[in-house]
Amino acid sequence: MVKIRLLLSTALLLLAAVDRNVVTAGRPAWKWLLDSSDVTFVPGPDDWSEAAESSVPNRRQAVDESYRLPNNTAPVHYTLALRTAIHENDRQFSGIVTILLRVLEPSTTITVLNRGLVVQRASLRDESGVTELEQPPYATDPTTEHLTFTLAQLLQPGTRYSLRIEFTGTLQNNNNMGFFASSYLDDEGVRHYLASSKFEPTHARSAFPCYDEPLLKATFDLQLTHAATYNAVANMPALGAPEPDPDNAAYVTSRFETSQIMSTYLVAFAVSDFQIRTAGQQTVYARSNVFEETEFPLDMGNRVLDALSAYTDVSYYDYMPKMTQIAIPDRGTGAMENWGLVAYGEPVLLFNPAINTYRNRKSVTTIIAHEYAHQWFGNLVSPHWWEWIWLNEGFATVYEYLAAQLAHPEGNYWELFTVEVVQNAFAADASETVRPMNWNAGSPNEIAALFDTVAYDKSGSVLNMFREAFGDANWRQGLNSYLIERKLDGATAEHLYAGIHDALQASGAANLLLPVGFSVRDLMESWTSSPGFPVLTVRRTYTDERSIILSQERFLSNKKLPDSHVYHIPYDFTDADTRDFTPSPSAFHWLSSKAAKIVTTVPHDKWIICNRQQTGYYRVNYDPDNWQLIIDALRSDPTQIHHLNRAQLINDAYNLARAERLDLGVALRLMTYLRRETEYAPWSAAGSALTYFYNKLRGTDSYEHFRTYVNYILADAYALLTIDSVTGTETMLQLYLKQFITTWACRIDHGDCLQRTGQALAAAHTADTAVHPDISTAVYCNGMVTASDEQFVWVYDQFKNSSNTAHRTVLIDALACAQKPSHLESLLTVALGSGSEFNSLLATEWTRIVSAVYGASRAGVDAVIDFLSVPTNVAEFVNVLGQSTLNSAVSNVASRTNNANELARLNGLLTSLGTAVTETTANNARATAESNFGWFTTYEGLVAVEFFEKFATTPQEL
């Protein structure tokens, strides 16, 4: 499931507006769609809230087991009938579920799960479901959501019964949970409604009473009664044509073939008036006014599914007869891997080459790959319990890139894994309180909290590390054994370890690739059951024996603590003479102790680099002399070091310096080589460092020195790029690089950048022709800095008239880049407006506008302050967007407060708001601003300011 990287300058900031009390799960949108060049605020290692991660006293923490179902009965088969009038926007639905169950223990009760459904009638029947035995009384515990039926008879083990339950419920209001309603506008402005499902992790119980735990699998017969003008789709193919409803001629009933045995969270269905595109055994469902945008995902879906079937040597079609993808309007940027019916938010499935960017194309491809990987990892084999959710999400994270690469090799998607997954995982995994991959949960809220960076990016990074260390061929054989052994059942980490270990033994590689005395379980468990990750310190002795002392300790972003844990670290290295950066299983060694001494043949004056292509999930620190050798090599000729290791060096050096394990000057001096950098990955790695110092220094006396530094490192790369046109021969990674360089050049007010993007926008406006999508983000945003009223309205009209959600997001962010207060005020007013224009906005777009404005520039922050300083605006703001959006806006204004004038504006806003925000919110805002000012008296702040000053005035001293 996607918790899922396209949304531009404020994707991270949107997270602040999320109500943390909502029971949900999934990968945050910014994980799918974010690029470091697109944000003006990125949390640094010290900024990641420890409260956002679970407290970790030990691995097997106690949880409240009362939420778990008793083991006295288990499901065999469900017959589920639902009836909806969603075509009339009627949010009520009714249903009947008959559960064929088997008795495991002597019992007088049957317990299933129910969230918010009203049970009308229940009966216990014989196995055939024909003969009613009794109508047992029942009650639902509102805390555990246990719906318990108390029987008059004692059920004996080995017997089977049918439990028939009639119930009613209410569709959720477009919240992407359970059985929920959505809507869209057609080209004539008429609103259409639809209903669809999303059950992971614990929401099936809100659509029908069921055994809503992943191990309690069963088969399903489904029928949906709906308007005859609508169609229905589900996991399985339709069982014939819809049949007229005998009770109402305006309705029909759609029936579906009996499903494969599966968990309740994978059951899926939708009722809509969508159109259908078909190719082979795959289909795509979407609303009629975006139907032309379904061709690309249908083609990519076929290619990815075939690639994964070949890679795993387990054919998808051996277990499922078809695959359907459906684009749900106003669902955000998430996706859900339902078996045979994958559901997506429109921006991550639909693609229009005339208006959507290369990033949209990349996101659609990799998200399809992520969800399709789940058809094996999660659907064919499900986690025994949510404790092992990484068996789903970790594998899907690896194969969202690898399967995309296999299906579309020219895209070079795998190149992005290091900077988008590994380095992102490091940021969140460096907290003292972060949880390990194996982590238990009891309540629905605890379960939902497991869908985090650890489940996705960290787990994907760890799995890929072992894939590289064991070799892809052995890994594939191990996965095949694991999938075949556990198919249609649940799995724990132990099952995965056993499958891979057996594969290594079968190939004869175990003795060659495993450290003596250790099994695959020993190696992997040192990572999966312990939190965090290590820093590998490489200290060369520079003696005649040319030895190296390797040591490991857990890396924390803000402290050092005694740590006895030993990670089994697969390490490899190369040097200035050999320069072999290709990972190979036979070249890995294992550090299975806290420290070890090795001997090399590398001369003292030649650099050594460990962790080739950053395949290992750990940071690397070196002694000062080796760091200097690396810096000298990068400045002399960057290409002598692999570009992924150049990205690693930047990311490691910056974060080691932030953690006070390396002199900050070393990291900043290393980054000066970027002037000669022409690959995207190193620039992307530098993005978080540049953004951090930009946020600290913008608006202060030291900012000009920082600008000099950034201008220096950008100069050569910028000169090579044509930022205002597309050549047609640029690769995806070259387009990523162009957007990164353009964004930063314009951000530091590079005159040529602002002039050329402004001219490009003006020319597009004059010709009334949209900017080419692959440069639209940079041209629209930066051109908006000097846009006239007519140009602003022209871009706004494109937004208003677009039916493509991803395109609309690009245009929202572009409009937010405006500098004129009148433009920004009018844009904020749209988010609070009324009438047809406001009604045409998606729910997610209301808050998107606000966060885009304060995230784009200081002018946007001032516009938000001005807007919220009007009391009538505040009341309407809270009424339309909610209190959490106001609190988030105040917090983000504070985080962008860097000087006395800006502090005065913040205090003025807080005074004006008065009781509209809580005292805690106001005090937190002031504390954030004080922290910004206080940074300049910290060690880090003093070193950074001095470095940038020297670089700008006396660079020869560096």
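Residues numbered from 1 in each chain as written. Predicted model: local features only at pLDDT ≥ 70, side-chain atom pairs only at ≥ 80, totals over all residues. Heavy atoms only, no water.

1. Quick look at the overall build of the chain
Okay, step 1: Of regular secondary structure, the chain possesses 31 helices and 31 strands.
Okay, step 2: Computed over C-alpha atoms, the radius of gyration of the chain comes to 29 Å, within 12% of the 30 Å expected from 2.2 N^0.38 for 958 residues, which places it in the range of a compact globule.
Okay, step 3: Buried residues in the chain amount to 63% of all 958 residues.
Okay, step 4: Roughly 33,000 Å² of accessible area belongs to the chain as shown, and the carbon and sulfur atoms make up 50% of that amount.
Okay, step 5: Taken together, the 70 basic and 105 acidic charged side chains of the chain have centroids lying 3 Å from each other. (Helix = DSSP H or I, 4+ residues; strand = E, 2+ residues; numbered from the N terminus. Rg over C-alpha atoms; globule rule 2.2 N^0.38 Å. Buried < 20%, exposed > 50% of the residue type's maximum accessible area, 1.4 Å probe, protein only. Areas by Shrake-Rupley, 256 points an atom, 1.4 Å probe, with all protein chains shown as cover. Lys, Arg positive; Asp, Glu negative; His and termini not counted. Charge placed at Lys NZ, Arg CZ, Asp CG, Glu CD.)

2. Some remarks on the confidence of the model for the chain
Any region with low pLDDT has predicted coordinates that should not be read closely.
Okay, step 1: Summarising the model, the chain shows a mean pLDDT of 93, and 93% of its residues fall at 70 or more.
Okay, step 2: Contacts for the low-pLDDT stretch residues 3-59, under 50 throughout, to residues beyond four places or in other chains number 207 contacts. (pLDDT = per-residue confidence, 0-100. Contact = heavy atoms within 4.5 Å.)

3. As for the sheet that holds strand β21 (residues 341-345)
Okay, step 1: Strand order in this open sheet of five strands is β17-β18-β19-β21-β20, and the pairing throughout is mixed. Both edges of this open sheet fall to β17 (275-279) and β20 (335-336), since each of them pairs with a single strand only.
Okay, step 2: Looking at chain direction, strand β19 (residues 323-328) and β21 are connected through five bridges and run parallel. Counterpart to threonine 324 in the pairing with β21 is leucine 341.
Okay, step 3: In the packing of helix α3 (residues 295-312) onto the sheet, contacts are made with β17, β18 (282-286) and β19, and the angle to β18 comes to roughly 150°.
Okay, step 4: The strands touched by helix α4 (residues 358-373) within the sheet are β18, β19, β20 and β21, with β21 carrying the most contacts at an inclination of about 145°. (Pairing = 2+ DSSP bridges. Axes fitted to C-alpha atoms, helices over the stretch in contact; angles between N-to-C directions.)

4. Side note on the nonpolar core
Okay, step 1: In terms of nonpolar packing, the biggest core is built from 240 residues, with Phe208, Tyr399 and Phe693 touching the most fellow members.
Okay, step 2: What phenylalanine 693 contacts, discounting residues up to four positions off in sequence, is Tyr654, Leu664, Leu668, Phe706, Trp935, Ala944 and Phe948.
Okay, step 3: Core analysis: the next-biggest nonpolar cluster, separate from the first, contains 57 residues, Ala787, Val850, Val893 and Ala929 among them. (Core = buried A, V, L, I, M, F, W, Y, C linked by side-chain atoms within 4.5 Å.)

5. Structural notes on the sheet that holds strand β9 (residues 172-173)
Okay, step 1: If you trace the five strands from one edge of the open sheet to the other, you get β9-β10-β11-β16-β13, paired in mixed fashion. Each end of this open sheet is capped by a strand with a single partner; those strands are β9 and β13 (231-234).
Okay, step 2: Bridge count for β13 against strand β16 (residues 269-272) is four bridges, and the pairing is antiparallel. Paired with alanine 234 across the two strands is phenylalanine 269, which belongs to β16.

6. Digging into the state of the cysteines
Okay, step 1: Taken as a whole, this structure holds two disulfides when the rule is applied.
Okay, step 2: A sulfur-sulfur separation of 2.0 Å characterises the disulfide bridge that pairs cysteine 746 with cysteine 753. Between cysteine 746 and cysteine 753 the disulfide shows an S-S torsion of about -95°. By sign, it is left-handed.
Okay, step 3: Residue class for cysteine 753 comes out buried when judged on its relative accessible area of 0%.
Okay, step 4: Between the sulfur atoms of cysteine 781 and its disulfide partner cysteine 817 the distance amounts to 1.9 Å. Taking the sign of the S-S torsion, about -85° here, the bridge from cysteine 781 to cysteine 817 comes out left-handed. In this pair, cysteine 781 sits in helix α20 (residues 773-783) while cysteine 817 sits in the loop between α22 (805-816) and α23 (821-831), placing the two residues 36 residues apart along the sequence. (Disulfide = S-S within 2.5 Å.)

7. As for unusual backbone geometry
Okay, step 1: Residue proline 201 is bonded to the preceding glutamate 200 through a cis peptide linkage, with omega at 0°.
Okay, step 2: Structurally, proline 201 is set in the loop between β11 (191-198) and β12 (219-227).
Okay, step 3: A positive phi angle, near 60°, is found at asparagine 89, a position not held by glycine.
Okay, step 4: Within the fold, asparagine 89 resides in the loop between β1 (73-84) and β2 (92-103).
Okay, step 5: Of note, arginine 546 is a non-glycine position whose phi angle comes to about 55°, a positive value.
Okay, step 6: Topologically, arginine 546 is positioned in the loop between β24 (534-540) and β25 (547-554).

8. Some details on the pattern of salt bridges
Okay, step 1: Scanning all chains against the criterion turns up 44 salt bridges.
Okay, step 2: The salt bridge involving arginine 277 is made with glutamate 292; its shortest N-O contact spans 3.8 Å. Highlighted residues: arginine 277 in strand β17 and glutamate 292 in the loop between β18 and α3, separated in sequence by 15 residues.
Okay, step 3: Accessibility expressed as a relative area gives 17% for arginine 277, which makes it buried.
Okay, step 4: Via salt bridges that share partners, Arg698, Arg858, Asp862, Asp866, Glu902 and Arg905 belong to a single interconnected network. (Salt bridge = Lys/Arg side-chain N within 4 Å of Asp/Glu carboxyl O.)

9. Some words on the environment of asparagine 782
Okay, step 1: Here asparagine 782 is to be found in helix α20.
Okay, step 2: A relative accessible area of 10% means that asparagine 782 is categorised as buried.
Okay, step 3: Linking asparagine 782 and proline 534, residues 248 residues apart in sequence, is a C-alpha distance of 41 Å.
Okay, step 4: Sequence-distant contacts of asparagine 782, defined by excluding residues within four places in its chain, comprise Thr742, Cys746, Leu754 and Thr757.

10. Here we look at the environment of proline 383
Okay, step 1: One can find proline 383 in strand β22 (residues 381-383).
Okay, step 2: Between the C-alpha atom of proline 383 and that of glycine 490, which follows or precedes it by 107 residues, the distance is 5.1 Å.
Okay, step 3: Once you skip the residues sitting within four places of it in the chain, proline 383 turns out to touch Pro214, Leu215, Tyr265, Trp388, Asn392, Gly490 and Ala491.

11. Quick notes on helix α6 (residues 417-429)
Side chains of residues three or four places apart in an α-helix project in the same direction, reflecting 3.6 residues per turn.
Okay, step 1: Here α6 is 13 residues long and its end C-alpha atoms lie 17 Å apart, about the 18 Å a rise of 1.5 Å per residue gives.
Okay, step 2: Among the 13 residues that make up α6, twelve are buried, leaving the element largely enclosed by the rest of the structure.
Okay, step 3: Taken together, the buried positions of α6 are occupied by Phe417, Thr418, Val419, Glu420, Val421, Val422, Gln423, Asn424, Ala425, Phe426, Ala428 and Asp429. (Expected span 1.5 Å × (residues − 1).)

12. Regarding the packing of helix α25 (residues 843-856) against helix α27 (residues 871-881)
Okay, step 1: Closest axis-to-axis distance for the α25/α27 pair is 10 Å, and the angle between their directions is 135°. As the angle between them shows, α25 and α27 are arranged oblique. Residues Trp846, Thr847 and Val850 of α25 touch α27, and the partners they reach there are Phe877, Val880 and Leu881.
Okay, step 2: Residue composition of the contact of α25 with α27, grouped by class: five nonpolar, one polar and no charged. (Parallel < 35°, antiparallel > 145°, perpendicular 65-115°, else oblique. Nonpolar A, V, L, I, M, F, W, Y, C, P; charged D, E, K, R; others polar.)

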